[in-house]
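Each chain, letter by letter, is given below.
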Amino acid sequence: MIGAHVAKGKVLVFLDAHCETTESWLEPLLTRIHEDNRAVVCPIIDVIDDKTLEYSQGNGAFFQIGGFTWSGHFTWINIPPYEAARKKAHHSPTRSPTMAGGLFAIDKEFFWHIGSYDSDMQLWGGENLEMSFRVWQCGGFVEIAPCSRVGHIFRSFHPYTFPGNVDSHGLNTARLVEVWMDEFKEIFYSHRKELKTADFGDVSKRVALRDRLQCKSFRWYLDNVYREKFRLSYGSKAWGQVKNQRKKRCLDNMAHSDSEEYKLSVYPCHPVLYPSQTFFVSDGSELRRETECAIADDATSSVSMVNCDSARGGDKWSFRDGQLVHESTGRCLTIGTGETDEVSLDTCVSSLNQKWTIDPLKTNERSL
């Protein structure tokens, strides 16, 4: 922020210290801001190996844009079809719901006009999502310029410690959800319940900024900027803990990460609703979690969880008469009779092996 205050030029460029620029990286960023001073423009971020310093650059034909998880983390996502259709050409600036942070250019007057950074955030974390939401909701837009490339060292650890082991990322994210996410903040708190009552500081100045700028709602952001983002309970016909009536066990992600493909299984039901056992029958008739969807293999009758954006995603399910029915085959989700915890498809019959309840009430709040 000290540099931003003393800068003499018309454009501010923020770069992490552990970056390396490439030839002609700056011109595409400046050109876009010259065309529209509301644009907050990021380069494509290439990877510099944190051990060998080898620079790895993609072929330019494929790159991703920024998204977020409801637990408050930045993530990379594929360019949706509607954005690909909107662009004039492959090399045209590409709209991005969020930015990674630490690598962007912005018109200096616009930077101060929309509130610069939240100066009451601590140490590290959350500032990139806060700025992304604020820019979009307050009249600007975030873009990636494909013709600009900057290398960044991605480390698997923090090279420094935080005083008192404070969770600065969590506290900063709680600040931004209170100011910018409206009713959808409850989804974040369902993942981080302890932060709902944490001392993350006074946000009244940031709320006043939002009111003064007459910024749009977070629902507007989801409807217009990040249209494909699954809204969990706000976009579902049924949701909660999915319990089988014979074994009294619940569908569970079995500690798999969101990027893994795995066989759908059951596990002893938790006494309260945890994210690992939270499943949804979406308005689009998917049996899913935030980013993973259930698909069936017709040949083996197995059911797997895969990324919903993959070519294999998109199976339709319905929940009726206590059964989860796979629409294209007309077969039902069935729990095994032996020791296996994996579920599968079988001909629909009147059996407790195929009877499920979907219970959202254990949270004592909407929250997901």
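Just above sits the structure.
This section reports on the structure supplied with the text. (Residues numbered from 1 in each chain as written. Predicted model: local features only at pLDDT ≥ 70, side-chain atom pairs only at ≥ 80, totals over all residues. Heavy atoms only, no water.)

Turning next to the overall build of the chain. Per the secondary structure count, the chain includes nine helices and 22 strands. Judged by the C-alpha coordinates and their principal axes, the chain covers about 75 × 45 × 40 Å. Within the chain, the fraction of its 368 residues that count as buried is 50%. Within the chain, counting contacts between residues at least 6 apart in sequence, those at least 24 apart form 69% of the total. Of the accessible surface of the chain, which amounts to about 17800 Å², a share of 50% is contributed by carbon and sulfur atoms. Charge centroids of the chain, computed over 43 positive and 49 negative side chains, lie 4 Å from each other. (Helix = DSSP H or I, 4+ residues; strand = E, 2+ residues; numbered from the N terminus. Buried < 20%, exposed > 50% of the residue type's maximum accessible area, 1.4 Å probe, protein only. Contact = heavy atoms within 4.5 Å. Areas by Shrake-Rupley, 256 points an atom, 1.4 Å probe, with all protein chains shown as cover. Lys, Arg positive; Asp, Glu negative; His and termini not counted. Charge placed at Lys NZ, Arg CZ, Asp CG, Glu CD.)

Quick look at the pattern of salt bridges now. On inspection of all chains with the given rule, the structure shows 22 salt bridges. A salt bridge links Arg192 to Asp167; its shortest N-O distance comes to 2.6 Å. Placement of Arg192 in the loop between helix H7 (185–191) and helix H8 (204–213) and of Asp167 in the loop between strand S9 (141–153) and helix H6 (168–180) is noted, with a sequence separation of 25 residues between them. According to the relative accessible area criterion, Asp167 is partly exposed, its value standing at 32%. Close ionic contact of Arg231 with Asp223 constitutes a salt bridge, the shortest N to O distance being 2.6 Å. On the basis of relative accessible area, Arg231 is assigned to the buried category, the value being 16%. A residue is classified by how much of its surface remains accessible, and Asp223, at 39% relative accessible area, is partly exposed. (Salt bridge = Lys/Arg side-chain N within 4 Å of Asp/Glu carboxyl O.)

The nonpolar side chains of a soluble globular protein tend to be buried, and buried together. If you look at the biggest cluster of nonpolar residues, it comprises 66 residues, and the most contacted ones within it are Trp70, Phe104, Ile106, Phe133, Phe218 and Tyr221. Core analysis: the next-biggest nonpolar cluster, separate from the first, contains 21 residues, Ala238, Val281, Leu287 and Met305 among them. (Core = buried A, V, L, I, M, F, W, Y, C linked by side-chain atoms within 4.5 Å.)

Now for H6. End to end, H6 covers 18 Å across 13 residues, agreeing with the expected 18 Å (1.5 Å per residue, within 8%). Where burial is concerned, most of H6 is hidden: twelve out of the 13 residues are buried. Taken together, the buried positions of H6 are Ser168, His169, Gly170, Leu171, Asn172, Thr173, Ala174, Arg175, Leu176, Val177, Val179 and Trp180. Structurally, H6 contributes buried residues whose contacts are with helix H5 (127–137), H7, H8 and helix H9 (218–224). (Expected span 1.5 Å × (residues − 1).)

Note on backbone geometry: most residues besides glycine have negative phi, and most peptide bonds are trans. In the Ramachandran plot, Ser116 falls in the positive-phi region, its phi being about 45° despite a non-glycine side chain. A positive phi angle is found at Ser301, which is not glycine, with a value near 70°. Examined against the element boundaries, Ser301 turns out to sit in the loop between strand S16 (292–296) and strand S17 (303–307). Overall, Ser301 belongs to the buried group, its relative accessible area being 12%.

Looking now at the state of the cysteines. Throughout the structure, instances matching the rule amount to four disulfides. Covalently, Cys293 is tied to Cys308 through a disulfide, its sulfur atoms 2.1 Å apart. Between Cys293 and Cys308 the disulfide shows an S-S torsion of about 105°. By sign, it is right-handed. One end of the pair, Cys293, is in strand S16; the other, Cys308, is in the loop between S17 and strand S18 (317–320), and 15 residues separate them in sequence. Of the two residues, Cys293 and Cys308, neither departs from the other in class, the shared state being buried. Cys332 shares a disulfide with Cys348; S-S distance 2.0 Å. Handedness here is read from the sign of the S-S torsion; for Cys332 and Cys348, about 100°, the answer is right-handed. Within this pair, whereas Cys332 is found in strand S20 (residues 331–335), its partner Cys348 is found in the loop between strand S21 (343–346) and strand S22 (356–359), the two being separated by 16 residues in sequence. Once the bonded cysteines of the chain are numbered in order along the sequence, the disulfide links fall as 1-2, 3-4, 5-6, 7-8. (Disulfide = S-S within 2.5 Å.)

Another aspect to go through is the sheet that holds S20. With antiparallel pairing, four strands are arranged side by side in an open sheet as S18-S19-S20-S21. Either end of the sheet is taken by a strand with one partner, and the two such strands are S18 and S21. Averaged over all neighbouring strand pairs, the angle between strand axes comes to 40°, with direction disregarded. Judged from the four bridges that link them, S20 and S21 form a sheet pairing that is antiparallel. Across the sheet, Ile335 pairs through a bridge with Val343, a residue of S21. (Pairing = 2+ DSSP bridges. Axes fitted to C-alpha atoms, helices over the stretch in contact; angles between N-to-C directions.)

It is worth spelling out the environment of Leu352 at this point. Residue position: Leu352 is located in the loop between S21 and S22. Looking at Leu352, the relative accessible area reads 40%, which means it is partly exposed. Sequence separation between Leu352 and Ser148 is 204 residues, and the spatial gap between their C-alpha atoms is 58 Å.

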